[in-house]
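Next come the chains, spelled out residue by residue.
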Amino acid sequence: FLLPALRALQGHGRPEPPFAQGVLGAPASRRPSRDDFQRATLERTGDGVVLRPLSGQESHMIARTAGADALVHIPRGSGDLAAGSAVRYLLLDGSAGA
């Protein structure tokens with residue numbers, strides 16, 4: 001999380017981390033007031049990358065991050081994003097996604 005700040009300080013035009021594209025393998029809850037980044041496991045298939053959000057996304061369940069491969073960007077809105085919805089994600093090892 002520090003790397004984008006360092007890039008910005010060095011004058012990079014696009015300091016943000018590289019997002020990749022995937023699809024949800026299970027529904028994901030959305031928040032009406034803000035975007036969310038949910039911990040997820042990642043599976044590479046012949047059709048692309050499938051991301052499955054982990055249960056227990058609350059901050060006090062941080063130990064579940066150990067089982068996560070990626071952070072999935074869930075845009076604000078009402079209701080759930082359905083399985084099969086296209087999403088952007090960040091790999092937790094810091095490399096580009098797909």
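See the structure above.
Residues numbered from 1 in each chain as written. Predicted model: local features only at pLDDT ≥ 70, side-chain atom pairs only at ≥ 80, totals over all residues. Heavy atoms only, no water.

Participant: What is the right way to read the nonpolar core from this model?
Facilitator: One broad rule of soluble globular proteins: the nonpolar side chains tend to lie buried together. Membership of the largest hydrophobic core comes to 14 residues, with the highest contact counts inside it found for L24, L42, L51, V72, V87 and Y89. The set of elements that each furnish at least two residues to this core consists of β1 (20-24), β3 (36-45), β4 (48-53), β5 (70-74) and β7 (86-91). (Core = buried A, V, L, I, M, F, W, Y, C linked by side-chain atoms within 4.5 Å. Buried < 20%, exposed > 50% of the residue type's maximum accessible area, 1.4 Å probe, protein only. Helix = DSSP H or I, 4+ residues; strand = E, 2+ residues; numbered from the N terminus.)

Participant: Would you mind showing me how to read the environment of S33 here?
Facilitator: With respect to the element layout, S33 can be found in the loop between β2 (28-29) and β3. Sequence separation between S33 and S78 is 45 residues, and the spatial gap between their C-alpha atoms is 9.0 Å.

Participant: How should the sheet that holds β3 be read in this particular structure?
Facilitator: To summarise the sheet geometry, strands pair through backbone hydrogen bonds and adopt either a parallel or an antiparallel arrangement. Spatially, β1-β4-β3-β5-β7 is the arrangement adopted by the five strands of the closed barrel, whose pairing is mixed. If you compare each strand with its neighbour and ignore which way they point, the axes differ by 50° on average. Here β3 pairs with β5 via five bridges, running antiparallel. Within β5, the position partnered with D36 by the bridge is I74. (Pairing = 2+ DSSP bridges. Axes fitted to C-alpha atoms, helices over the stretch in contact; angles between N-to-C directions.)

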